[in-house]
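Architecture and fold: a report
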Amino acid sequence: MEKVNSKYVWLFDNGHGGIINNVYQTAGKRSPMWNDGKILYEGEFNRSIVNRLMKLCTDSGIECVNLVDTQKDISLGARVRKANEINKNTDKNCIYISIHANGFNKESANGWGVFTSKGNTSSDKIAALLLSNATKEFPNAKMRGQKEANFYVLRNTSMSAILSENFFMTNFDECHNYLLSEDGRDRIAKIHFEMIQEMESSK
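Calculation notes
- Residues numbered from 1 in each chain as written.
- Predicted model: local features only at pLDDT ≥ 70, side-chain atom pairs only at ≥ 80, totals over all residues.
- Heavy atoms only, no water.
- Salt bridge = Lys/Arg side-chain N within 4 Å of Asp/Glu carboxyl O.
- Helix = DSSP H or I, 4+ residues; strand = E, 2+ residues; numbered from the N terminus.
- Buried < 20%, exposed > 50% of the residue type's maximum accessible area, 1.4 Å probe, protein only.
- Axes fitted to C-alpha atoms, helices over the stretch in contact; angles between N-to-C directions.
- Parallel < 35°, antiparallel > 145°, perpendicular 65-115°, else oblique.
- Left-handed = near helix turned anticlockwise from the far one by under 90°.
- Contact = heavy atoms within 4.5 Å.

The subject of this paragraph is the pattern of salt bridges. Charged atoms that come close allow side chains of opposite charge to pair. Overall, the coordinates contain ten salt bridges when judged by the stated rule. Between E44 and R185 there is a salt bridge, and its shortest N-O distance comes to 2.8 Å. Remark: R185 occurs in helix 6 (residues 182-201) and E44 occurs in helix 1 (residues 42-59); sequence separation between them is 141 residues. By relative accessible area, E44 is classed as partly exposed at 29%. For R185, a relative accessible area of 4% translates into the label buried.

Right under this line is the structure:
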């Protein structure tokens, strides 16, 4: 982990597994095969966003860690243990960002959202900044807002933690416009990086 001059250590968690030898590593967690033959594999998408964030942060001198720098589907427990160990051994505050795409059994489900653990916590401010950036960047998209959930990675991390659900892979338009699109991926990474910059510059 390279030591640089930043206020926080940003810990990125790309949810689920990637692709090894053309085999997707996580059962489910994918879009339907659309009529154009395309499929979105959520773990591949999540990694593409984290890779962008790692480059943006590194280029800007912001300390960051890719918690799952592998295509393997690492367990939630292992992800959280690694994050908590880093948090324990640094003199900076860590912030945990879990990247996902949403899915549902009806194609009509759509929108962008962000989750924190239950109750008033330090994570709420971070989620609010990200939601504000998403609202500005995607003005024509449905914003599902800032919600609370008992997700494992939010409940068990020893630091501020948020989980972003970046549109629905089971919605044709969102899957094609945002998740399969390089421009859409750039924009999704952008809203996360803008939040990071805002947190880094806040008092």
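The packing of two helices is summarised by the inter-axis angle and the distance between the axes. Packing of helix 3 (residues 123-137) against helix 6 leaves a shortest axis separation of 9 Å and a crossing angle of 135 degrees. Between helix 3 and helix 6, the interaxial angle falls into the category oblique. Along this stretch, helix 3 crosses helix 6, giving a crossing that reads as right-handed. Contacts between helix 3 and helix 6 involve K125, I126, L129, L130, N133, A134 and E137 from the first element and R187, K190, I191, H192, E194, M195, E198 and M199 from the second.

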